[in-house]
Amino acid sequence: MTDDMIDGLVDRYGAEAMCTALEPMLSPARIARIDVVLAARLGSVVPVLEDTYDAHNAAATIRTIEAIGLQDLHVVELAHPFVAVHAISRGAHDWIDLHRHASADAAVAALHARGFRVLATAPDAPNDLESVDVSTPVAVMFGNEHAGLSDAAMRAADAAIAVPMHGMTESFNLSVTVALVTSRLAARRRAHLGVTGDLDPARIARLRARWFGARVRGLAGVLERVMPAGA
């Protein structure tokens, strides 16, 4: 069942009621793990991938950001739709929110509307990770495996940063670059906030209901049977 389908059930039954109904079907350890992860979830550091065409890299990136504790991944689909190999992401795609955009301008506009500063990655940029202001939400755009970021993405960004490299190799693998940048910015953002997670209670409640239902087979039918009549 897709996230959209589960979200529809959350809309129908309500997050709290759905969790109460499903709680007997989950082990206490599973529930505790969900609550610990949600408490550490960070929504104010966001990676943006532009025109990624390698499904293995896409999956590795999903797995990386989920492990770091980021909740959102934005993708810009130009010539290539964003497709991830699930065998590599190892289920990590179930625990993040994926946002798709048709252009860099659309992605940046959506993030600006949510109060984000949007940075582009470029090898010759004058700024580095340590100079990034983490007092406000920050998003970072990454280009594809060969061409890098488009000119449109560079123009749309508020500023550019470089990823430090000290070897003969000219570039990192995409998922490695994302890991290096987002792990450092997430650590600095968490230090600034003084907490590990920053999702608002309403979003946590909704995600909790979605995650409770993510591994329940025949979820819609189960809820029909266990929810009170008229729910």
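What you see is a predicted model; the values in this text were computed from it and never measured.

A separate point is the pattern of salt bridges. Under the definition given, this model contains eleven salt bridges. Where Arg206 meets Asp11, a salt bridge forms, and the shortest distance between an N and an O atom there is 2.6 Å. With Arg206 in helix α9 (residues 201–213) and Asp11 in helix α1 (residues 3–13), the pair connects residues that are 195 residues apart, well separated along the chain. Residue Glu77 pairs with Arg100 through a salt bridge whose shortest N-O separation is 2.5 Å. With Glu77 in the loop between β2 (72–76) and α5 (86–89) and Arg100 in strand β3 (residues 97–101), the pair connects residues that are 23 residues apart, well separated along the chain. Connected via shared salt-bridge partners are Asp7, Asp11, Asp72, Asp97, Arg203, Arg206 and Arg210.

Moving on: unusual backbone geometry. Positive phi is not limited to glycine here, since Asp51 has a value of about 55°. Mapped onto the secondary structure, Asp51 falls in the loop between β1 (45–50) and α4 (55–68). Using a relative accessible area of 9% as the deciding quantity, one classes Asp51 as buried.

Below, the discussion takes up the sheet that holds strand β5 (residues 138–142). Strand order across the open sheet formed by six strands is β3-β2-β1-β5-β4-β6, with parallel pairing between neighbours. Each end of this open sheet is capped by a strand with a single partner; those strands are β3 and β6 (159–161). This sheet shows a mean twist of 30° between the axes of neighbouring strands, independent of strand direction. Packing against the sheet, helix α6 (residues 104–113) makes contact with β1, β2, β3, β4 (117–121) and β5, and its axis sits at approximately 170° to β1.

Counting buried residues along β1, six of its six residues qualify, which places the element largely inside the surrounding structure. Here β1 shows no split at all, with Val45, Pro47 and Leu49 on one side and Val46, Val48 and Glu50 on the other all buried. Pairing geometry for β1 and β5, over five bridges, is parallel. Its bridge partner being in β5, Val45 is matched across the sheet by Val138. Across three bridges, β1 lies against β2 in parallel orientation. Across the sheet, Val48 pairs through a bridge with His74, a residue of β2. Handedness of the crossover joining β1 and β2 through α4 is recorded here as right-handed.

Reading guide: rules and limits
Residues numbered from 1 in each chain as written. Predicted model: local features only at pLDDT ≥ 70, side-chain atom pairs only at ≥ 80, totals over all residues. Heavy atoms only, no water. Salt bridge = Lys/Arg side-chain N within 4 Å of Asp/Glu carboxyl O. Helix = DSSP H or I, 4+ residues; strand = E, 2+ residues; numbered from the N terminus. Buried < 20%, exposed > 50% of the residue type's maximum accessible area, 1.4 Å probe, protein only. Pairing = 2+ DSSP bridges. Axes fitted to C-alpha atoms, helices over the stretch in contact; angles between N-to-C directions. Contact = heavy atoms within 4.5 Å. Right-handed = clockwise from strand over helix to strand, strands pointing away.

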